[in-house]
Amino acid sequence: GMLGAASAAVGTLLGWAVTFLFFWCGQAQFLLGRELLRRKQAAHALAALEKATEATPDDADAHALLATAAFFTGATDQAVAACARALELRPDQLEWRTDCGLFLARNGEYEAAAAELRRVVASPGYADAAAFVNLGWVYRNAQPPKSDESIRAYQRALEIDPEQAQAALGLGWACFGASRY
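Note that the structure is predicted; figures quoted are calculated from it, not measured.

(A) Summary view of the nonpolar core. Residues L49 and F103 are the most contacted members of the largest nonpolar core, which totals 50 residues. Per-element tally for this core: the top contributor is helix α3 (residues 60–72), with nine residues.

Written out as structure tokens, the structure reads:
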């Protein structure tokens, strides 16, 4: 009767409260992780973001930040996995795809990295130097290096942003690697 209905209502309310607190804790961990990453404390950010993604597994932003924190701590397998999850949730994020391409390459997966970055630069209206810089790095560091492709990627980055220092430096290294002085 009445006691059973009240007990069920309390159980439902407690369930909502626990869900809300778990979500809130996930959001708090996300905010903490983001701030720690901003302060270049990647190891501490990693711990907070792991908790955030555990509490809120469908939060694409949390997975993307987790990928970055993992990358900066040298956990490239974890960075790739977290980036893949973020992109599974929000596949339209070209900036994350650009990062994921670099994470794949640093994990030794050069072909997958190049494919991911080629998809980014082939996106309609893409006009950012970042993916071209990463693509240049991937081609330059692949085994064996793909010097011509690397040089073209860095040149394209410099066409987009003539003051892109990483592209200029990468272009120099790519030309040096190809014995083009």
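(B) Spotlight on the packing of helix α8 (residues 147–160) against helix α9 (residues 165–177). Contact geometry for α8 and α9: axes closest at 9 Å, N-to-C directions at 155°. Here α8 lies roughly antiparallel to α9, going by the angle between them. Crossing angle aside, the handedness with which α8 passes α9 is left-handed. Contacts from S147, S150, I151, Y154, Q155, A157 and L158 of α8 reach α9 at Q166, A167, A168, G170, L171, A174, C175 and G177. Here the residues of the contact of α8 with α9 are counted per class, giving nine nonpolar, six polar and no charged.

(C) Focus on the layout of surface pockets. Roughly 730 Å³ of internal volume is contained in the largest pocket. Lining the largest pocket we find 31 residues, and of these T98, D99, L102, A130 and N134 sit closest to its centre. Secondary-structure elements contributing two or more residues to the lining of the largest pocket are α3, α4 (76–89), α5 (94–106), α7 (129–141) and α9. If one sorts the elements of the lining of the largest pocket by residue count, α5 sits on top with eight residues. Here the residues of the lining of the largest pocket sort into 19 nonpolar, six polar and six charged.

Basis of the calculations
Residues numbered from 1 in each chain as written. Predicted model: local features only at pLDDT ≥ 70, side-chain atom pairs only at ≥ 80, totals over all residues. Heavy atoms only, no water. Core = buried A, V, L, I, M, F, W, Y, C linked by side-chain atoms within 4.5 Å. Buried < 20%, exposed > 50% of the residue type's maximum accessible area, 1.4 Å probe, protein only. Helix = DSSP H or I, 4+ residues; strand = E, 2+ residues; numbered from the N terminus. Axes fitted to C-alpha atoms, helices over the stretch in contact; angles between N-to-C directions. Parallel < 35°, antiparallel > 145°, perpendicular 65-115°, else oblique. Left-handed = near helix turned anticlockwise from the far one by under 90°. Contact = heavy atoms within 4.5 Å. Nonpolar A, V, L, I, M, F, W, Y, C, P; charged D, E, K, R; others polar. 1 Å grid on protein atoms, 1.4 Å probe; cavity = no way out; pocket = protein on both sides within 12 Å on 5 of 7 lines; lining within 4 Å. Points joined across faces, edges and corners; volume = space filled by probe spheres on them.

Just geometry here; none of it tells us what the structure is for.
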